[in-house]
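# Understanding the architecture of this molecule
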Amino acid sequence: MIHTTVNGRPLVIAELRGWLTQADERGGADPDWHFHLELDTQWMRTAGINPALFCMPGDVFRDAAPDPTQARRRTGDFGIHIELDGWPRNDERAHPAKPDDWQATDLPSAKPGVTYAYDPRSYAASAYADTAVAVHHYVSIWGALVTDDPHAADRFVYTNELLVNGLQALRVMLDLDPLDRDKHVGWVNYAAKAANAWIWGGDRAYADPLNGARWNEIHSPDSFERLEDKAPDRKCYQVVGCARRGPDDAEKTVYRTVLRGPEGANPGSVLRYRRSTTRWTTPDAAQVSVTVRESGPDAAVTVEVTLLSQGVVPKDAHYCELFELWWETPVKHVGDTWITTRDANGDWVPATDLGAALGVTSVVTNATVAGHPDRGELQVALITNGQVLHAARDTAGTWSPAGDMTGAACLPLGIRAVASAMLADASAQYVALDADGHAWHTVRRPDGSWQDAGDLTAALGVTDPVAWAALTPGTAGDDLDVTLEVFTAVQPVPAEDDVEVARHPIVRPHPSPHVVSKVLHTVRRGDGSWDPVEDLTVTAGLASTVRVAAAHNPNDQSTLLFAVGRDHRVRSVRWQAGQPVARALDLSSHYWTGAPDGAMPAVAATPDGHIQAAVLTTAGQVLHGILRPDGTWTPIGDATGAAHLPAGATCVAATSSAEGSANYVVIA
């Protein structure tokens, strides 16, 4: 808001927000009560105030420099000085009468007899009324926005001595007694202010608003309002420098400063910055180099400024820029692929970045893993942008680069989920699901060649769209679960080279109650033929199922179906070859009580007869439990924490190894 004062000058009334860094009367020649505000630059931009247009070089030179010889360069916090008028006064405003409504008199920390418009020690309004004003409070201040002059006399002889020959030469000139501290500080500070005015003001009068040695003030503030506490999440610095006038056409000045981020960085966060130039920078005079150490205890932004004075008649080259620093938690690359192992002793191997090891840089949305029943070989398939990539790990633990499985197996484009199982002959069976609900079957032969994919839904006579699939070999307890919105499952059969398949039609994330869910089961024999489809929906009580995983236990030739329903509860179904399928057991009511809502299952059977189960919760946490041979379950464990997996997982898959370990692939 712009008003006109009684003397005809424009008066700007403005609101500024920030954090108090000073909130007490400091004593000085005038009776005013002093504050200082570290400005909230994010709020300024929201309010339409450009911090780079707002600042002046004098803002950081208002107080004398700790080293007065640094009058040509300075780094300081971006803030504003605030003074609340006190009465009586004796200055250029002469001796005004005390306003009738000024009642705050003889405050304990003020000069005796001084009166203020209000008590500057407490807030008069808002939810914090009558609470004490203190540093670090986040406040809103309304008042007259002005610029103040440098308060420096024209002692250019002393100023020149300070700038050219340094502080010690000035002491000699003034014949100061080094022990007379008050006299020493007073004269040196005065000379330093004069130096600032000379350098940054140039030929402009002190009263000229375009004199760069002036500084911003709110003088006087009409109101203070404490706002809800807000930690300073940004740190803004004002970096200024000046090339010394010299006898040559160009004289160089180099200024280097190190800027630190705000306090309170979160673990894993990185330092970011925003650089804004101002009108006070001489065009083409500054060469600026900025280097950033983004993280760690030495995180900082280092600014090195090289300035050259310009022209046949040398003149100062000025530099003034703002640097805003903040901490940023990197947005986790959703779709990174991690692998971890729970060894035979029950210990978790810290998760490693499988995508990086395979050279996969794009976002992965679905994954499957299969292990050889007798050796340490693994195969993985990853889906990225509808393309299926494949990689294999040999017995020495070395991964091959990711290859194009879509092209090699003649799969259609747009695959959204994939499931796999590895057989004793080192071949691997895969079922891939496309966006239309078709299931495609292919085989990776032991020599690494691929069988062309065939339409499994057509071969089985399934007309409903398939949503999820899970496979497990008949000769080993290797298992894989694939997670996406909807599911189909694949199950094993206890016969060599046979593969069981259970599948489910597509179910939307929030399916209508009229959607019919079916869990179908079939077996692929060693000769490549498929058994007729069996509907497990009714017999096992899995009508509400949305995602399933399966594992075959070679110890007793049993199969475990692990399911998550629309109600996010976890259920299991266990049966043996030739025996009727049992009713589903609600694990959420029995062994997994208290577990968060489930979203996706994964299971792996180890040779000792234990079945390891993982459940991905709706919150992205991976939980883990073990079904013992006696049919009881271990308590739930936190696999995310134990394996140092990233939070926010979206997919989990599992397989076992001959030595009794279980491998988990997680997308997060």
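Everything that follows concerns the structure shown earlier in this document.
Note that the coordinates shown come from a computational prediction; the quantities given were computed from them, not determined experimentally.

The next subject is the overall build of the protein. Check the secondary structure of the protein and you find eleven helices and 41 strands. Within the protein, residue pairs in contact and separated by at least 24 positions form 60% of the contacts whose partners lie at least 6 positions apart. Entry remark: accessible area of the protein is about 29,000 Å², with carbon and sulfur atoms responsible for 51%.

Turning next to the nonpolar core. In a soluble, globular protein the nonpolar side chains are often hidden away together inside. Of all hydrophobic cores here, the largest spans 61 residues; its most connected members are L358, V380, W399, L561, V622 and V652. Sort the elements by how many residues they give to this core and strand 41 (residues 662-667) lands first, with five residues.

The topology assignment puts W399 in the loop between strand 21 (387-393) and strand 22 (403-404). Between the alpha carbons of W399 and L378 there is a distance of 8.9 Å; along the sequence they are 21 residues apart.

For a regular strand, side-chain orientation follows a simple rule: the groups alternate between the two sheet faces. The buried count for strand 15 (residues 300-308) comes to seven of nine residues, which makes it a mostly enclosed element. Where strand 14 (residues 286-293) hands over to strand 15, the hairpin turn is made up of six residues, of which G296 adopts a positive phi near 90°.

Let us now look at the packing of aromatic side chains. Evaluated as defined, the whole model comprises eight aromatic pairs. Pairing F54 with F78 gives two aromatic rings, centres 6.2 Å apart and planes at 90°, and the pair type is edge-to-face. Pair noted here: F54 is in helix 2 (residues 51-54) and F78 is in the loop between strand 4 (73-77) and strand 5 (79-84), with a separation of 24 residues, a long-range link. With a centroid separation of 5.9 Å and an interplanar angle of 20°, the aromatic rings of F562 and W633 are classed as stacked. Taken together, the residues F562 in strand 33 (residues 558-565) and W633 in the loop between strand 38 (622-627) and strand 39 (637-638) connect sequence positions 71 residues apart. As far as burial versus exposure is concerned, F562 and W633 are alike and both buried. Its end group placed over the ring of W326, R234 keeps NZ or CZ at 3.8 Å from the ring centre. Lying over the aromatic face of Y237, K235 brings its terminal NZ or CZ to 5.9 Å of the ring centre.

Bringing unusual backbone geometry into the picture now. Following W87, the chain continues to P88 via a peptide bond in cis, the omega torsion being 5°. On the secondary structure map, P88 appears in the loop between strand 6 (86-87) and strand 7 (104-105). Positioned with a positive phi, N385 is a non-glycine residue whose angle comes to about 55°. Structurally, N385 can be placed in the loop between strand 20 (378-384) and strand 21.

All right, on to the sheet that holds strand 20 then. Strand order in this open sheet of four strands is 19-20-21-22, and the pairing throughout is antiparallel. Taken across any chain shown, the strands that pair with only one partner, and hence form the sheet edges, are strand 19 (366-371) and strand 22. Pairing analysis gives seven bridges linking strand 20 to strand 21, with the strands arranged antiparallel. Opposite V380, over in strand 21, you have A391 as the bridge partner.

Attention shifts here to the state of the cysteines. By the definition in use, this model includes zero disulfides. Between C236, a free cysteine, and C55, which holds the nearest cysteine sulfur, the sulfur-to-sulfur gap is 8.2 Å.

To continue, consider the environment of V652. Position of V652 relative to the elements: it lies in strand 40 (residues 651-656). We classify V652 as buried; its relative accessible area is 0%. For the pair V652 and I667, spaced 15 residues apart in the sequence, the C-alpha separation amounts to 6.6 Å.

Looking now at the sheet that holds strand 18 (residues 348-353). Ordered by their spatial adjacency, four strands build an open sheet running 18-17-41-40, and the pairing between neighbours is antiparallel. In the strand order of this sheet, the two ends are held by strand 18 and strand 40, each with one partner. On average, each strand axis in the sheet is tilted by 20° relative to the strand beside it, whichever way the strands run.

Let's shift gears to the side chain of D32. Turning to its location among the elements, D32 is positioned in the loop between strand 2 (10-23) and strand 3 (33-39). Within the structure, D32 has its side chain in polar contact with the side chain of H219 (distance 3.3 Å).

On to the side chain of H390. Position of H390 among the secondary structure elements: in strand 21. Of note is the side chain of H390, whose polar atom sits 2.8 Å from the side chain of Q379. Apart from residues lying up to four places away in sequence, H390 is in contact with Q379, V380, A381, P401, A402, G403, M405, Y430, R444 and W450.

What counts and how
- Residues numbered from 1 in each chain as written.
- Predicted model: local features only at pLDDT ≥ 70, side-chain atom pairs only at ≥ 80, totals over all residues.
- Heavy atoms only, no water.
- Helix = DSSP H or I, 4+ residues; strand = E, 2+ residues; numbered from the N terminus.
- Contact = heavy atoms within 4.5 Å.
- Areas by Shrake-Rupley, 256 points an atom, 1.4 Å probe, with all protein chains shown as cover.
- Core = buried A, V, L, I, M, F, W, Y, C linked by side-chain atoms within 4.5 Å.
- Buried < 20%, exposed > 50% of the residue type's maximum accessible area, 1.4 Å probe, protein only.
- Pairing = 2+ DSSP bridges.
- Phe/Tyr/Trp six-rings, centres within 6.5 Å; stacked < 30°, edge-to-face > 60°.
- Lys NZ or Arg CZ within 6 Å of the ring centre and 35° of its normal.
- Disulfide = S-S within 2.5 Å.
- Axes fitted to C-alpha atoms, helices over the stretch in contact; angles between N-to-C directions.
- Polar contact = N/O pair within 3.5 Å; in protein donor to acceptor, adjacent residues only side chain to side chain.

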